[in-house]
Amino acid sequence: MESAAAQETRGAEAPRPAAPPPSPAEPPAAPRARPRLVFRTQLAHGSPTGKIEGFTNVRELYAKIAEAFGIAPTEILFCTLNSHKVDMQKLLGGQIGLEDFIFAHVRGETKEVEVTKTEDALGLTITDNGAGYAFIKRIKEGSIINRVQAVCVGDSIEAINDHSIVGCRHYEVAKMLRELPKSQPFTLRLVQPKRAFDMISQRSRGSKCPTEAKMASGRETLRLRSGGAATVEEMPSEFEEEASRRVDDLLESYMGIRDPELAATMVDTSKKTRSVQEFAHRLDSVLGEFAFPDEFVVEVWAAIGEAREACG
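Residues numbered from 1 in each chain as written. Predicted model: local features only at pLDDT ≥ 70, side-chain atom pairs only at ≥ 80, totals over all residues. Heavy atoms only, no water.

Asks: Got a minute to help me understand the overall build of the chain in this structure?
Replies: Across its full length, the chain holds seven helices and twelve strands. Counting all 312 residues of the chain, 43% fall into the buried class. When contacts within the chain are restricted to residue pairs at least 6 apart in sequence, those whose partners lie at least 24 apart make up 64%. A total of about 16900 Å² of accessible surface is found on the chain, and carbon and sulfur atoms cover 51% of it. (Helix = DSSP H or I, 4+ residues; strand = E, 2+ residues; numbered from the N terminus. Buried < 20%, exposed > 50% of the residue type's maximum accessible area, 1.4 Å probe, protein only. Contact = heavy atoms within 4.5 Å. Areas by Shrake-Rupley, 256 points an atom, 1.4 Å probe, with all protein chains shown as cover.)

Set out below in C-alpha cells:
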C-alpha cells in the first residue's frame with residue numbers, strides 16, 4: 001500500500017497546466033458558385049425570342065428549346081449559333097459561347113429522291129445532331145449527289161430504301177451509304193429544315209473553309225458532351241483548335257463525317273499519351289464503337305503532332 005507520506009508528496013505535485021481550448025475549426029471554403037447559364041433562342045424560320053437554361057447535354061438542350069416554343073423535341077433537326085441560316089460553319093457542335101444566340105431549325109417538307117450510285121463515293125459528308133438525326137453537312141462539287149438538285153445541305157436523312165435510320169449515328173449512316181451496291185438505284189427519304197422567306201431559294205453546299213466553326217464569342221464556353229454533363233471551360237487553345245480542325249478533316253476524308261466534338265475528344269485523349277500505340281489503346285477504350293483502322297489512328301497522331309509543332 002502507498003504510505004501517507006507518499007500520498008502527501010503525490011498530492012503536493014504541481015498540477016499540469018490545462019490544455020488550451022481547441023481553436024475553432026476553419027470554416028470550409030465556399031464552393032465556387034456555378035454561374036446561371038441562360039441562353040437566348042429562336043426558331044430559325046421565325047419566332048419570338050425565348051430563354052433556356054438548366055440543360056447538361058444536347059438532348060436536354062433540344063427538350064428545353066421545344067418546351068420554350070411548345071413543340072416536340074423530335075421536331076428539331078439541328079441548331080446553328082448566331083445565324084438563322086442553314087450555315088454549316090455556324091453549326092452547334094460541342095461548344096457554345098456563353099453569349100451565343102441559338103437558332104433551332106425544325107422539320108419542314110419531306111421529300112424522296114432516287115439516286116444511282118455510279119461511283120464508289122456519293123460526295124456526301126454526314127454529321128448528326130447528337131439526338132438521333134443524321135443530316136448532310138457538305139456536298140462535294142461535281143459528285144453524284146451534287147447532280148441531284150433536290151438534295152441540299154441541311155437535309156436530314158430519315159430513311160435509306162424505306163429503312164429508317166432515325167437514331168443512327170452519323171458514322172453508321174455513312175457506312176450504310178458506302179456499302180450500297182454500284183449501278184443500282186436507291187431511294188433517300190429526306191426532311192428539309194423549315195426556311196424563312198429569305199432562305200427559300202438557298203442550296204448551300206457548305207464549301208470547305210480553312211477555319212471552321214469558330215463559334216464562341218466569350219472567353220468561356222459551355223462544352224456539351226454526348227456522354228456526361230456539360231461543363232463551363234476556357235476557350236480552346238490555339239493548339240487545340242488547330243489539332244481538332246486537322247482531325248475533323250481526317251474524319252471527313254476517311255469516314256465521310258464531320259464531328260467537332262469527336263475531333264476534340266480525340267485531341268484530349270492524345271494529351272494523356274506518349275506514343276501512337278498508347279494513343280490507339282486509349283481510343284479503343286474511349287471510342288471503341290468507331291473501330292478506327294490502324295492507318296487512320298497513325299494519321300491522326302501525326303496530324304496532332306504537326307498541329308503542336310505549328311502552334312509552338
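Asks: Just checking my understanding: could you explain the sheet that holds strand β12 (residues 231-234) for this structure?
Replies: As a general point, the strands of a sheet are linked pairwise by backbone hydrogen bonds and lie either parallel or antiparallel. Read across the open sheet, the three strands follow the order β4-β11-β12; overall the sheet is antiparallel. One side of each edge strand has no neighbouring strand; the edge strands of this open sheet are β4 (95-97) and β12. Each neighbouring strand pair of the sheet contributes to a mean axis angle of 40°, computed without reference to strand direction. Here strand β11 (residues 220-223) runs beside β12; their pairing, made up of four bridges, is antiparallel. Directly across from L222, in β12, lies its bridge partner V232. (Pairing = 2+ DSSP bridges. Axes fitted to C-alpha atoms, helices over the stretch in contact; angles between N-to-C directions.)

Asks: Please clarify how the nonpolar core should be interpreted in this entry.
Replies: Here is a general trend for soluble globular proteins: nonpolar side chains tend to be buried in one another's company. The biggest cluster of nonpolar side chains holds 77 residues, and the ones touching the most others in it are L61, I102, I157, L177 and F292. Apart from the residues within four sequence positions on either side, I102 is in contact with F39, R40, T41, Q42, I52, L61, I65, C79, T80, L81, L92 and I96. (Core = buried A, V, L, I, M, F, W, Y, C linked by side-chain atoms within 4.5 Å.)

Don't take any of this as a statement about function, it's just geometry.
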